[in-house]
Amino acid sequence: MKSLFTLITILLLQLNCYAQTEKYTFSVIHKDDKIGELNAIKERKGDQTQYITKTNIETRILAKISVNYTFDVFFEEAQFQKSNVEIYLNGKERTKTKTLKAKKGYNFYESGDWEKSITTPVSYCCVQLIFEEPVGKSTVYSEETGVFHSLKKIGEHSYAKENEKGRESIFHYKNGILYKAEIDAGIIEFDLMLQRS
């Protein structure tokens, strides 16, 4: 009996070491046309969780617009540790920011240069809006700008996020998973529609 218990414990520990992965693909829709795709991956391994999203958009509004977003965010024991954000517009770097956990709070960097310290704890950030319904959350940390955006429930499983410039994006969830969003990204406004998971 003791050896059976030991064997079960070892198997459970080994299972816990393997990564659990969630993958989602969203169509990027602008004026009823598909103009791109967002691919999202959430990988959990023990107490560590990594979120990665990559968005590619190509459209024409007066001139050709090509936008590429990459978010790479890392949590440990449900606490935000670091993020890297890169945004390219027509092949040229538009945004390159990084947030790193420090002894007290976080340090925010833009284009490699230290910009500011953040003392408020981060337990929920923008990339998580793709993966997890923000039940009970009133703010969300922006890995791109290093500030907190306001978040409010506006309906059954629907939430509005307002950024520091007053731009509002709306997120809709089913079974805790994002299935549709209306995004005001500044450069362009678009909808996200879940294609597959």
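Residues numbered from 1 in each chain as written. Predicted model: local features only at pLDDT ≥ 70, side-chain atom pairs only at ≥ 80, totals over all residues. Heavy atoms only, no water.

**Comments concerning unusual backbone geometry**
One non-glycine residue, Ala78, lies in positive phi territory at about 65°. Looking at where Ala78 falls in the secondary structure, it is placed in the loop between strand 4 (63-76) and strand 5 (79-89). Even without a glycine there, the phi angle at Asn90 is positive, about 50°. Among the secondary structure elements, Asn90 is positioned in the loop between strand 5 and strand 6 (92-101). By relative accessible area, which is 43% here, Asn90 ends up partly exposed. (Helix = DSSP H or I, 4+ residues; strand = E, 2+ residues; numbered from the N terminus. Buried < 20%, exposed > 50% of the residue type's maximum accessible area, 1.4 Å probe, protein only.)

**Observations regarding the pattern of salt bridges**
A complete count under the given rule lists 6 salt bridges for this structure. Between Lys42 and Glu22 there is a salt bridge whose closest N-O contact spans 4.0 Å. Here the residue Lys42 occupies a position in strand 2 (residues 33-45), and Glu22 occupies one in strand 1 (residues 20-30), the gap between them amounting to 20 residues. You'll find Lys42 and Glu22 in the same group, each marked buried. Between Lys34 and Glu37 there is a salt bridge, with its nearest N and O atoms 3.4 Å apart. (Salt bridge = Lys/Arg side-chain N within 4 Å of Asp/Glu carboxyl O.)

**Remarks on the layout of surface pockets**
Any empty space left between atoms is shown by rolling a water-sized probe over those atoms. A volume near 770 Å³ is recorded for the largest pocket. Surrounding the largest pocket, 34 residues form its lining, Tyr69, Phe71, Glu144, Lys161 and Ala185 being those nearest its centre. Listed by contribution, the elements that provide at least two residues to the lining of the largest pocket are strand 3 (48-61), strand 4, strand 6, strand 7 (106-110), strand 12 (168-174), strand 13 (177-184) and strand 14 (189-196). Top contributing element to the lining of the largest pocket by residue count: strand 6, with 3 residues. Considered class by class, the residues forming the lining of the largest pocket number 15 nonpolar, 10 polar and 9 charged. (1 Å grid on protein atoms, 1.4 Å probe; cavity = no way out; pocket = protein on both sides within 12 Å on 5 of 7 lines; lining within 4 Å. Points joined across faces, edges and corners; volume = space filled by probe spheres on them. Nonpolar A, V, L, I, M, F, W, Y, C, P; charged D, E, K, R; others polar.)

**Some points on the confidence of the model for the protein chain**
Scored by pLDDT, the protein chain has a mean of 90; 90% of the residues are at 70 or more. Least confident of the elements in the protein chain is helix 1 (residues 2-17), whose mean pLDDT is 47; most confident is strand 11 (residues 158-162), at 98. Predicted confidence is poor over residues 4-16, with pLDDT under 50, and the contacts of this stretch with residues over four places away or in other chains come to 1 contact. (pLDDT = per-residue confidence, 0-100. Contact = heavy atoms within 4.5 Å.)

**Details of the side chain of His172**
Summarising the element assignment, His172 is placed in strand 12. In contact with His172, other than residues within four places in its own chain, are His157, Ser158, Ile177, Leu178, Tyr179, Lys180 and Glu182.

**Some words on the side chain of Thr59**
Structurally, Thr59 can be placed in strand 3. For Thr59, a relative accessible area of 14% corresponds to the buried category. In contact with Thr59, other than residues within four places in its own chain, are His30, Ile35, Lys64, Ile65 and Ile188.

**Some thoughts on the nonpolar core**
With 40 residues, the main nonpolar core has Phe80, Cys125, Ile130 and Leu192 as its most contacted residues. When residues in this core are grouped by element, the largest group, 6 residues, is from strand 4. Ignoring anything within four residues of it in the chain, the contact list for Leu192 reads Phe26, Ser27, Val28, Leu38, Ile130, Tyr179, Lys180, Ala181 and Ile183. (Core = buried A, V, L, I, M, F, W, Y, C linked by side-chain atoms within 4.5 Å.)

**A few points about the packing of aromatic side chains**
In this structure the tally under the stated criterion is 8 aromatic pairs. Note on Phe75 and Phe80: the rings are 5.7 Å apart at their centroids and 75° apart in plane angle, and the pair reads as edge-to-face. Residue class for Phe80 comes out buried when judged on its relative accessible area of 0%. Site record: aromatic cluster; members linked through ring pairs are Tyr24, Tyr51, Phe75, Phe80, Tyr106, Phe131, Tyr141 and Phe148. Positioned over the ring face of Phe74 is Lys82, at 5.6 Å from the centre of the ring. Positioned above the aromatic ring of Tyr179 is the side chain of Lys174, whose terminal nitrogen or guanidinium carbon lies 4.6 Å from the ring centre. (Phe/Tyr/Trp six-rings, centres within 6.5 Å; stacked < 30°, edge-to-face > 60°. Lys NZ or Arg CZ within 6 Å of the ring centre and 35° of its normal.)

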